[in-house]
Amino acid sequence: MASTETGPRSVASGGPHDLAGLEAGLDALDAVRIERTPLARALVRKVLPPVTAVVLVLVVWKLLVVAEVTDDYKLPDPSAVWHSLRELWLRGTLLDIVWTSVSRGLLGFAAALALGTPLGLLVARVRFVRAALGPLLSGLQSLPSVAWVPAAVIWLGITDGAMYAVILLGAVPSIANGLVSGIDQVPPLYLRAGRTMGATGLSGARHVLLPAALPGYIAGLKQGWAFSWRSLMAAELIASSPDLGLGLGQYLENARTDSDMPGVLLGIMLILFVGIAIDLAVFSPLERRVLRTRGLAAAAR
């Protein structure tokens, strides 16, 4: 009875043509075609959906105002919000208000990045530190950042230092946990290969561990920025002072104090716009680039 042989032996017995075909097939699997999307298609795919969503929100908003579902001071007309925005622009204070908060947020995030990265590496690689600090980092990540504002004000006064302290306490746990999650997903084979080539200690962390953990790390950075921005807005809302300058949070609180509902809605929209803009301009392109370098072109689109 003739037997059919499969597996590596059958491939090897097929001669050099079968081996060449197998190698060509593997090369085709490894090759990732990265094609540039035409500008018109990119605009339709990425710009049209959010613009459509904004238009729909404005239409629904306008219909609610026309239907008089509530009083004007609770739900003003969209044109009133536009008037508030135009007034800030004509007075020359709009960019100053936005930059006051953005500069604080970026500086606080940079400090959180400098602290959270080595902390996450230490927690991920040292068992005792992980057992001691791992649950604490998870608990701090789930703690609302606004809870730190009263303590920071008592410790540091109504100063920029209190703002940065709230940002650090909100963002560092997210960045550290993101790096720990990324390192936990690194295949052990990478670490063994790195040790074989002499990449140990700090060299192994720099050349093997951190690059392999980059997708999870970037996810932690995105979450860390979100926590930084939310923490800063909470701090500016509660710990407002003329000495701190006028940021978005304090502008929102001033509008609430003056019962200026168009100003309140404008403040909310500006806070939302800045958060989305930073994500789209910094973190989303970085995430797509990392995914493409790992052959995940479809996920990076």
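Calculation criteria
Residues numbered from 1 in each chain as written. Predicted model: local features only at pLDDT ≥ 70, side-chain atom pairs only at ≥ 80, totals over all residues. Heavy atoms only, no water. Axes fitted to C-alpha atoms, helices over the stretch in contact; angles between N-to-C directions. Helix = DSSP H or I, 4+ residues; strand = E, 2+ residues; numbered from the N terminus. Parallel < 35°, antiparallel > 145°, perpendicular 65-115°, else oblique. Contact = heavy atoms within 4.5 Å. Nonpolar A, V, L, I, M, F, W, Y, C, P; charged D, E, K, R; others polar. pLDDT = per-residue confidence, 0-100. Salt bridge = Lys/Arg side-chain N within 4 Å of Asp/Glu carboxyl O. Buried < 20%, exposed > 50% of the residue type's maximum accessible area, 1.4 Å probe, protein only. 1 Å grid on protein atoms, 1.4 Å probe; cavity = no way out; pocket = protein on both sides within 12 Å on 5 of 7 lines; lining within 4 Å. Points joined across faces, edges and corners; volume = space filled by probe spheres on them.

## Section: the packing of helix 5 (residues 94-125) against helix 12 (residues 248-257)
Contact pair helix 5 / helix 12: the axes reach a minimum separation of 8 Å and the direction vectors enclose 125°. Classified by the angle between their axes, helix 5 and helix 12 sit oblique to one another. On the side of helix 5, the interface is formed by I97, V98 and S101, while helix 12 contributes L248, G249 and Y251. Residues belonging to the contact of helix 5 with helix 12 are distributed by class as follows: four nonpolar, two polar and no charged.

## Brief notes about the confidence of the model for the chain
Here the chain averages 81 in pLDDT, and 81% of its residues register 70 or above. Across the chain, element-level confidence peaks in helix 4 (residues 78-91) with a mean pLDDT of 94 and bottoms out in helix 1 (residues 8-13) with 44. Long-range and interchain partners of residues 1-14, a stretch whose pLDDT sits below 50, account for four contacts in this model, where long-range means more than four residues apart.

## Quick word on the pattern of salt bridges
Following the criterion strictly, the structure yields eight salt bridges and no others. Between R104 and D160 there is a salt bridge, with its nearest N and O atoms 3.1 Å apart. Taken together, the positions of R104 in helix 5 and D160 in helix 8 (residues 160-184) put the pair 56 residues apart, joining distant regions of the chain. A residue is classified by how much of its surface remains accessible, and R104, at 5% relative accessible area, is buried. Between D184 and R130 there is a salt bridge, with the nearest N and O atoms lying 2.5 Å from each other. Of this pair, D184 sits in helix 8 while R130 sits in helix 6 (residues 127-142), and the two are 54 residues apart along the sequence. Overall, D184 belongs to the partly exposed group, its relative accessible area being 44%. Linked through salt bridges whose partners overlap, the residues forming this network are R104, D160 and E236.

## Re the side chain of S101
With respect to the helices and strands, the residue S101 is situated in helix 5. For S101, a relative accessible area of 0% gives the class buried. Residue contacts for S101: discarding those within four places in its chain leaves W229, L232, M233, E236, G247, L248 and G249.

## Focus: the layout of surface pockets
A volume near 1,100 Å³ is recorded for the largest pocket. Sorting the residues of the lining of the largest pocket by element identifies helix 3 (39-66), helix 4, helix 5 and helix 13 (261-293) as the ones contributing at least two each. Looking at side-chain class alone, the lining of the largest pocket contains 24 nonpolar, one polar and three charged residues.

## Re unusual backbone geometry
The residue E68 is not glycine, and still its phi comes out positive at about 55°. Tracing the backbone through its elements, the reader meets E68 in the loop between helix 3 and helix 4. Residue class for E68 comes out exposed when judged on its relative accessible area of 64%. For S259, which is not a glycine, the phi torsion comes out positive at approximately 55°. Residue classification places S259 among the exposed residues on the basis of a relative accessible area of 65%.

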